[in-house]
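Geometric and topological summary
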Amino acid sequence: MTEMHDLTALEQAAAIARGELSSADLVEHYLHRVAAIGDTVGAFVTVTPELAREAARAADAAPAEGRGPLHGVPTAIKDLTLTAGVRTTFGSAAFLDFVPPVDADVVRFIKAAGLVSLGKTTTSELGCSLYSEGLVAPPARNPWQLAYTAGGSSGGAAAAVAAGLVPVAQGSDGGGSLRIPASLCGLVGYKPSRGLVSGGPLGSGAFGLPTSGPLGRTVTDVAALLDVMAVPVPGEPYLPPPTPSGGYLAVARQAAPNRLRIGRFTTPMLADEPVHPDCVAAVDLAAALLTAAGHEVVEVPPPLGPEAWPLFEVIWYVLALAPVPPQHEAELLPLTRLLRARGAEVSAGALAATLGELQAQVRLGARRTAGCDLLLCPTLAAPQAPVGWFTADGDPAADFDRQRRFSPYCAIFNVTGEPSVSLPLGVTADGLPVGVLLTGRYGDDARLIATAAQLENSSDGWDRHPAIWRAVDSANVNGDGVRRSAS
């Protein structure tokens, strides 16, 4: 029997529009699932059931005209993202009781589109690591295999979507933080072009590395949530690229890019690290499907190499210097304290020189791949990592280096500002997900999304689910003892 959470986000909204479901039905269904397995997969730091019920009632009462394609659908907000009136810890015990007075712009847009947030998803402390294992919530675990990490820093968002606790979720990506969890958990994680999604109302732009973006099970769901987020806001530090006619959802539904030249490489960029055969096999499969679809796939050198790492790490140290109340500095994790200590040693002159040299590297990389419309590479150097693996020896410097070797691809495209998406195309011998990374030219999000949707269609879809998907008894989810089907 089809359960509500089996439906995609767009299918749920369509069922609401037809009167077959209500937003209130969906919220109760998902809250039941969150209560049952939310802590098991470490998805949420804070759950807001009463706020969600109130928002669902408002969504159901809203006039039918003017509703968007995700109206009434449950979602969740990453715990790094300001949410007015809701505890937002930034993944840190130093902010355990912090309640922001304002919404981030993306939260405003998500609310305005009629989506209903169930709460705040688990993240790494201040977004500093690619795993989500802190002191304010259970570690974010991969629903496919609970011994493995769901990644970070949008690990809770990925765990929530992959476990069927929400159909889509907001996340953010400053060095792979959407794409890494997507690869690990078998999802689509999309990092938009720099400037497409507002980072406001607070902050300076953080050198253009981080951006909010969508996480979901299908390209069309992700494109629909991107349309919600990609609203131009005056005063942003980066000019947003133009939105395609009909929006990104229309582009994804058409799934019809022109014939493209796609550059393929598997050589890691930020580390001289062996790449797992399963990650290479996923790229090979993607290349074969793209070739069969009529595209030209050619071998190219990676745009940047390990020489970029010393530059990137300086930027990452400085980004760790988020304001923290002095009396709470001791509550930060060892890795966070290490990064902040190193960031404090970077002078203004050294930072300016690093930014200049990094931009020179970006220019050289762009010239190396100038003949390509898209780039194809692994998302990660290995398919999975156990919970606790990065911190196993208690040395934060070794932890940070291990992260670099595990994820030597994603962060380069935060530096370039190009749109980049992890697609769950591969599978290990024991059935765990393996992502591939597809990256477009700066501002050309439409072509990237169209190609991703085409790849999804040609692969016969990848919306698979782990065993925990069926682990929750939803017989009483609606309070009347009747198991309701949305089909």
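Note: the structure precedes this text.
None of the values given here were measured: they were computed from a predicted structure. (Residues numbered from 1 in each chain as written. Predicted model: local features only at pLDDT ≥ 70, side-chain atom pairs only at ≥ 80, totals over all residues. Heavy atoms only, no water.)

A word on the nonpolar core
Note on soluble globular proteins: their nonpolar side chains tend to be buried together. Grouped together as the largest cluster of nonpolar side chains are 141 residues, with contacts concentrated most on Leu118, Leu165, Val219, Leu376, Leu423 and Ile449. A total of 8 residues in this core trace back to one element, the largest contributor, which is helix α7 (residues 219–229). Dropping the residues within four chain positions of it, Leu165 is found in contact with Tyr30, Arg33, Val34, Ile37, Gly38, Val41, Ala43, Phe44, Leu118 and Ala160. (Core = buried A, V, L, I, M, F, W, Y, C linked by side-chain atoms within 4.5 Å. Buried < 20%, exposed > 50% of the residue type's maximum accessible area, 1.4 Å probe, protein only. Helix = DSSP H or I, 4+ residues; strand = E, 2+ residues; numbered from the N terminus. Contact = heavy atoms within 4.5 Å.)

Description of the sheet that holds strand β6 (residues 168–173)
One open sheet holds the 8 strands; their spatial order is β6-β8-β7-β12-β13-β11-β9-β10, and the pairing between them is mixed. Edge strands, defined here as strands with exactly one partner in the open sheet, are β6 and β10 (296–299). Sheet twist, expressed as the mean angle between neighbouring strand axes with direction ignored, is 25°. Pairing geometry for strand β9 (residues 261–264) and strand β11 (residues 374–378), over 3 bridges, is parallel. Its bridge partner being in β11, Gly263 is matched across the sheet by Leu375. (Pairing = 2+ DSSP bridges. Axes fitted to C-alpha atoms, helices over the stretch in contact; angles between N-to-C directions.)

A few points about the sheet that holds strand β3 (residues 116–121)
The 3 strands lie next to each other as β1-β3-β2, forming an open sheet whose pairing is mixed. Across the chains shown, the open sheet's two edge strands, defined by having one partner strand only, are β1 (44–47) and β2 (74–78). Each neighbouring strand pair of the sheet contributes to a mean axis angle of 35°, computed without reference to strand direction. Taken together, the 3 bridges between β1 and β3 define a ladder with antiparallel strand orientation. Counted as the bridge partner of Val47 is Gly119 from β3. Set on the sheet, helix α3 (residues 49–61) makes contact with β1 and β3; between it and β3 the angle comes to about 155°.

Topic: the packing of aromatic side chains
Using the criterion set out here, one finds 11 aromatic pairs in the structure. Both rings, one in Trp309 and one in Phe312, keep their centres 5.9 Å apart while their planes meet at 35°; by these two values the pair is tilted. In this pair, Trp309 and Phe312 both sit in helix α10 (residues 309–319), 3 residues apart, roughly one turn of the helix. Both residues of the pair, Trp309 and Phe312, belong to the buried class. Ring geometry for Phe312 against Trp316: centres 5.6 Å apart, planes inclined by 20°, an arrangement best described as stacked. Taken together, the residues span about one helical turn, with Phe312 and Trp316 both in helix α10 at a distance of 4 residues. As far as the burial class goes, Phe312 and Trp316 line up, both buried. Put simply, the rings of Trp309, Phe312, Trp316, Tyr317 and Phe400 pair up and form one aromatic cluster. Above the ring of Tyr238, the side-chain terminus of Arg194 is found at 5.7 Å from the ring centroid. Between the NZ or CZ atom of Arg402 and the centre of the ring of Trp389, over which it lies, the distance is 4.7 Å. (Phe/Tyr/Trp six-rings, centres within 6.5 Å; stacked < 30°, edge-to-face > 60°. Lys NZ or Arg CZ within 6 Å of the ring centre and 35° of its normal.)

Some remarks on the packing of helix α8 (residues 247–254) against helix α15 (residues 445–458)
Where α8 contacts α15, the two axes come as close as 7 Å, and the packing angle between them is 40°. When the axes of α8 and α15 are compared, the pair comes out oblique. Once α8 is placed against α15, the crossing between them reads as right-handed. The residues of α15 that touch α8, namely those facing Tyr248, Val251 and Ala252, are Asp445, Ala446, Ile449, Ala450 and Ala453. Grouping the constituent residues of the contact of α8 with α15 by class yields 7 nonpolar, no polar and 1 charged. (Parallel < 35°, antiparallel > 145°, perpendicular 65-115°, else oblique. Left-handed = near helix turned anticlockwise from the far one by under 90°. Nonpolar A, V, L, I, M, F, W, Y, C, P; charged D, E, K, R; others polar.)

Thoughts on the side chain of Thr336
With respect to the helices and strands, the residue Thr336 is situated in helix α11 (residues 334–344). Given a relative accessible area of 2%, Thr336 falls into the buried group. In terms of polar contacts, Thr336 uses its side chain to reach the side chain of Glu125, at 2.5 Å. Contact partners of Thr336, with chain neighbours within four places excluded, come to Glu125, Leu126 and Cys128. (Polar contact = N/O pair within 3.5 Å; in protein donor to acceptor, adjacent residues only side chain to side chain.)

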